[in-house]
Amino acid sequence: MPQKSTLNVIKILFVPVSAAKGSGEYQRCLLIANELKLILEDKIDIRFVISCDATYADSVPFMTYKLAASATKMPRELHAIIAELSPNMTVFDCSGRVKSYRFAKKNSSKVALIVSRPKKRKRAFSWRVAPFIDLIVSASHLPKLCELSLSEKITMYMLRSLHVELVNALFQAPRKLASNVTNILPKKYCFLFLTGGQYIFDNVNVPKLTSEIAHTIANKCEMPCVIINSNIKEPHTSNNIISLPPQSNADFISLLSSAEICVVGTGDVAAQALALNKPSIMVATSKTGRQYLADYIELNVTLGATLSPEDIANNVIELNSSKAKESQKENQNKYGFSNGTKQTVDAILNLVNDQKL
């Protein structure tokens, strides 16, 4: 086994689920990695393990190990990487097998597991998994889920080394956008971003649908619509639609926070919009998202819509012309939607620093 080098440079390996569809797990890991890099600068060595099938495989801004499939399906290859790198911490996001957590621990690596769904959280706290985990980060869509159940408290009591962070949303702080974006952004606009949930979106051309919805909003609501287009490299405006190339998390959040109204899916972006106190309309883009949307509507923190461009546009008109915007904001504040990035990063650094002592 390679000897661990001096701990002047912290080595962290991120292992998110990565496949041809979906990028939520990767985006969570990326924003945590970016925050760690901002804090530690050249005192940290960050690396990712990504499937070659992932659409973002060639654009990861950190050193990347590319596998033929997601790391969960290739434990031997992942173990070889861990053995060679000997990271101070290995961060799994909805990925990995128990034997991989165990292998990392045997190689003197702290192990963090990020989960975002109830089933994944239940598995993380199980006695099959928890003994091999140092940190569980549970990103729950509702603030009320940011509480430990009795069984979870018992697990933490029995495993004194297990740390848990219960967070709502994860994102970087907004920042000033580049001039080529701010110069074409109207004072008031609707920000449209539908994530790709594999269930409902299996047979849907998402870029085409996004374009159709944007045109309908721009025409019916007399409100400019901002969208993200992965096929362009420079921003451009046409027919009251502002199309932007893919953005960093900080820039994406800046667009979200400056919008008059947000139309989003029910994944991580929904939690971000609520934590930013934005009036919103949500569309269930996955099987789990249907339940999330029902929960949000029950709390009166959003309006719900189908995938129909007409239905979404009508909801934008309703939200923009009523007192619903202020009501949503009041309830978002009431229920405590918030950004948990700092507490997650602090928990990782505390564990790594404990390891150095």
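Residues numbered from 1 in each chain as written. Predicted model: local features only at pLDDT ≥ 70, side-chain atom pairs only at ≥ 80, totals over all residues. Heavy atoms only, no water.

K.L.:
I'd like a description of the overall build of the protein, backed by residues and values.
P.N.:
Looking only at helices and strands, the protein features 13 helices and 14 strands. Counting across all 357 residues of the protein, residues that qualify as buried make up 52%. The long-range share in the protein, meaning contacts at least 24 apart out of those at least 6 apart in sequence, stands at 63%. With the model as given, the accessible surface of the protein reaches about 16,600 Å², and the carbon-plus-sulfur share is 51%. (Helix = DSSP H or I, 4+ residues; strand = E, 2+ residues; numbered from the N terminus. Buried < 20%, exposed > 50% of the residue type's maximum accessible area, 1.4 Å probe, protein only. Contact = heavy atoms within 4.5 Å. Areas by Shrake-Rupley, 256 points an atom, 1.4 Å probe, with all protein chains shown as cover.)

K.L.:
Tell me about the sheet that holds strand β2 (residues 44-51), and name the residues and values.
P.N.:
One open sheet accounts for seven strands, arranged β3-β2-β1-β4-β5-β6-β7; its pairing is parallel. Whereas interior strands pair on both sides, the edge strands pair on one side only; in this sheet they are β3 (63-67) and β7 (163-167). Averaged over all neighbouring strand pairs, the angle between strand axes comes to 15°, with direction disregarded. Examined bridge by bridge, strand β6 (residues 135-139) and β7 share five bridges and lie parallel to one another. (Pairing = 2+ DSSP bridges. Axes fitted to C-alpha atoms, helices over the stretch in contact; angles between N-to-C directions.)

K.L.:
For the confidence of the model for the protein, give the residues involved together with the corresponding values.
P.N.:
The predicted model of the protein averages 89 in pLDDT, with 94% of residues at 70 or higher. Contacts of residues 1-6 to residues separated by more than four positions or lying in other chains number eleven contacts, the stretch itself having pLDDT below 50. (pLDDT = per-residue confidence, 0-100.)

K.L.:
Please provide a residue-by-residue account of the packing of helix α8 (residues 249-258) against helix α9 (residues 268-275), values included.
P.N.:
Packing of α8 against α9 leaves a shortest axis separation of 10 Å and a crossing angle of 55°. The angle between the axes of α8 and α9 places the two elements in the oblique class. The crossing of α8 and α9 is right-handed. Note on element contacts: α9 touches α8 through V269, Q272 and A273, opposite N249, F252, I253 and L256. (Parallel < 35°, antiparallel > 145°, perpendicular 65-115°, else oblique. Left-handed = near helix turned anticlockwise from the far one by under 90°.)

K.L.:
Give a detailed account of the state of the cysteines, specifying residues and quantitative values.
P.N.:
What the rule picks out here adds up to zero disulfides. Cysteine C94 is unpaired, with the sulfur of C29 as its nearest cysteine sulfur at 8.9 Å. Of the residues examined, C94 reaches a relative accessible area of 12% and is grouped as buried. Looking at C221, it has no disulfide partner, and the nearest cysteine sulfur is the one in C190, 7.2 Å off. Classification of C221 by relative accessible area gives buried; the value is 14%. (Disulfide = S-S within 2.5 Å.)

K.L.:
An account of the side chain of S95 is requested, with residue identities and associated values reported.
P.N.:
Along the chain, S95 falls in the loop between β4 (89-93) and α3 (98-106). Only 2.3 Å separates the side chain of S95 from the backbone oxygen of V15, close enough to count as a polar contact. (Polar contact = N/O pair within 3.5 Å; in protein donor to acceptor, adjacent residues only side chain to side chain.)

K.L.:
Which residues make up the nonpolar core, and what values do they have?
P.N.:
Counting residues in hydrophobic clusters, the biggest one holds 35 residues, and the most contacted among them are I12, F14, L36 and F48. Contributing elements (two or more residues each) for this core: β1 (10-16), α1 (24-40), β2, β4, β5 (110-115), β6 and α13 (341-356). No other element matches α1, which puts eight residues into this core. I12 has contacts with L36, I44, D45, I46, R47, M89, V91 and I348, leaving out every residue within four places of it along the chain. Within the second largest apolar cluster, 33 residues are counted, among which are V181, I228, L255 and L256. (Core = buried A, V, L, I, M, F, W, Y, C linked by side-chain atoms within 4.5 Å.)

K.L.:
Give a detailed account of the pairing of β5, specifying residues and quantitative values.
P.N.:
Looking along a regular strand, one sees the side chains alternate between the two faces of the sheet. Burial analysis of β5 places five of its six residues in the buried class, which makes it a mostly covered element. Pairing analysis gives five bridges linking β4 to β5, with the strands arranged parallel. For D93, the partnering residue across the bridge sits in β5 and is I114. Handedness of the β-α-β unit built from β4, α3 and β5 comes out right-handed. Of the pairings in the sheet, the one linking β5 to β6 comprises four bridges and is parallel in character. Along β6, the bridge assignment pairs I114 with V137. Once the chain exits β5 it traverses helix α4 (residues 118-124) before rejoining the sheet at β6, and the crossover so formed is right-handed. (Right-handed = clockwise from strand over helix to strand, strands pointing away.)

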